[in-house]
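# Residue-level structural notes
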Amino acid sequence: MKRIKVSNNVIRRLPRYLRKLDELNEQGVSRISSGELGKQLGLTPSQIRQDFSCFGDFGQQGYGYNVNTLRQDIATILGMDRGFNAILLGVGNIGNALLRNFSFEEWGFSMKAAFDIKPELIGTEVNGVPILGQEQMNDYLQQNKVDVVVLCVPKEIAVKMTNDLIEQGIDAFWNFTNVELTDPNSDVLVENMHFSDSLLALSYFVSDKADEEIARQNRQKRLNNRT
């Protein structure tokens, strides 16, 4: 499978394809055309073919895509079969919820340990994940391979903690601290998660729809006044 430099937009669409293919598998669909896949995802067939062409030739002319095979190929592209190791920092509300409810294993990550400063948490487990003291983290990183750190610490210490972890060789972060940690001049990988972004995007569309309705009503009133 070829790997070339692909755009961020293509990469962001791959998980959407994966989820849709999982749905199709559950529905017993064995093959699908780019046209039908695009229709279900709100994308054009040419966009889908163009996205997949970044990684190889997956479909067959006149046949479409084998749903199960395409799903496996996309999972491989996304690295879900590589067994990445993760740790989580900060077992507060968000960290605790992630450990209890998010299936890291399902998406190719093994959550090995979590770290916190609260004495009542240290030595316990959440969903089978041991919680260690923050003072144990340096030794843990020296003795264990860690591919990704999930950051759920207070935003006041997010930058310092990230810099400390980078110095210890960590170069990939899933960031829930509500602090933008991306540095365009760094090779460190950061996925910044802001729950408000999605909600505010929805707010925009709700507002836009409401404004369109108001404009429609005003146009109708003007027409009524003329008659």
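Relevant structure appears above.
Keep in mind the model is a prediction, meaning the values are calculated, not measured.

## Here's the deal with the pairing of strand β9 (residues 189–192)
- Burial of β9 is one-sided: the residues V190 and N192 facing one way are buried, the residues L189 and E191 facing the other way are not.
- Where strand β8 (residues 172–175) lies against β9, four bridges are found, and the strand directions are parallel. Bridge pairing in β9 links N175 to N192.

## A word on the pattern of salt bridges
- Using the criterion set out here, one finds eight salt bridges in the structure.
- For R12, the salt bridge is made with E191, and the minimal N-O distance between the two is 2.5 Å. With R12 in helix α1 (residues 8–26) and E191 in strand β9, the pair connects residues that are 179 residues apart, well separated along the chain.
- On the accessibility criterion, R12 (44% relative accessible area) is partly exposed.
- A salt bridge links K20 to E23, with the nearest nitrogen and oxygen atoms 2.9 Å apart. A residue pair is termed a helical-turn pair when its members lie 3 or 4 positions apart in one helix, as K20 and E23 do in helix α1 at three residues.
- On the basis of relative accessibility, which here comes to 13%, the residue K20 falls in the buried class.

## Here's the deal with the sheet that holds strand β4 (residues 109–116)
- Spatially, β5-β6-β4-β3-β7-β8-β9 is the arrangement adopted by the seven strands of the open sheet, whose pairing is mixed. In this open sheet, the two edge strands, each paired with only one partner strand, are β5 (125–126) and β9.
- Summarising the sheet, strand β7 (residues 148–151) and β8 pair through three bridges and their orientation is parallel. By the bridge assignment for β8, V150 is matched with W174.

## Digging into the packing of α1 against helix α2 (residues 34–41)
- Contact geometry for α1 and α2: axes closest at 11 Å, N-to-C directions at 105°. Taken together, the axes of α1 and α2 are roughly perpendicular relative to one another. Along the contact surface, α1 presents R16, Y17, K20 and L24, while α2 presents L37, Q40 and L41.
- Taken together, the residues of the contact of α1 with α2 sort by class into four nonpolar, one polar and two charged.

## A short note on the nonpolar core
- Judged by nonpolar contacts, the single largest core of 23 residues is most densely connected at Y17, F52, F55 and I74.
- The element that contributes the greatest number of residues to this core is α1, accounting for six residues.
- Setting aside residues no more than four positions away along its own chain, Y17 makes contact with L41, L43, Q47, I48, D51, F52 and I74.
- With 20 residues, the next largest nonpolar core counts I87, V146, M161 and L165 among its residues.

## Let's talk about a nonpolar patch on the surface
- A cluster of nonpolar side chains, namely L199, L202 and V206, defines an oily patch on the protein surface of about 310 Å² accessible area.
- Within the secondary structure layout, L202 lies in helix α8 (residues 195–226).

## Things to note about unusual backbone geometry
- Of note in this structure, N127 is not a glycine but carries a positive phi near 55°.
- Structurally, N127 can be placed in the loop between β5 and β6 (129–133).
- A relative accessible area of 57% means that N127 is categorised as exposed.
- The phi dihedral of N178 falls on the positive side, at around 70°, and the residue is not glycine.

Rules used throughout
Residues numbered from 1 in each chain as written. Predicted model: local features only at pLDDT ≥ 70, side-chain atom pairs only at ≥ 80, totals over all residues. Heavy atoms only, no water. Buried < 20%, exposed > 50% of the residue type's maximum accessible area, 1.4 Å probe, protein only. Helix = DSSP H or I, 4+ residues; strand = E, 2+ residues; numbered from the N terminus. Pairing = 2+ DSSP bridges. Salt bridge = Lys/Arg side-chain N within 4 Å of Asp/Glu carboxyl O. Axes fitted to C-alpha atoms, helices over the stretch in contact; angles between N-to-C directions. Parallel < 35°, antiparallel > 145°, perpendicular 65-115°, else oblique. Contact = heavy atoms within 4.5 Å. Nonpolar A, V, L, I, M, F, W, Y, C, P; charged D, E, K, R; others polar. Core = buried A, V, L, I, M, F, W, Y, C linked by side-chain atoms within 4.5 Å. Patch = residues over 30% accessible without salt bridge, like charges linked within 9 Å, V, L, I, M, F, W, Y side chains within 5 Å. Areas by Shrake-Rupley, 256 points an atom, 1.4 Å probe, with all protein chains shown as cover.

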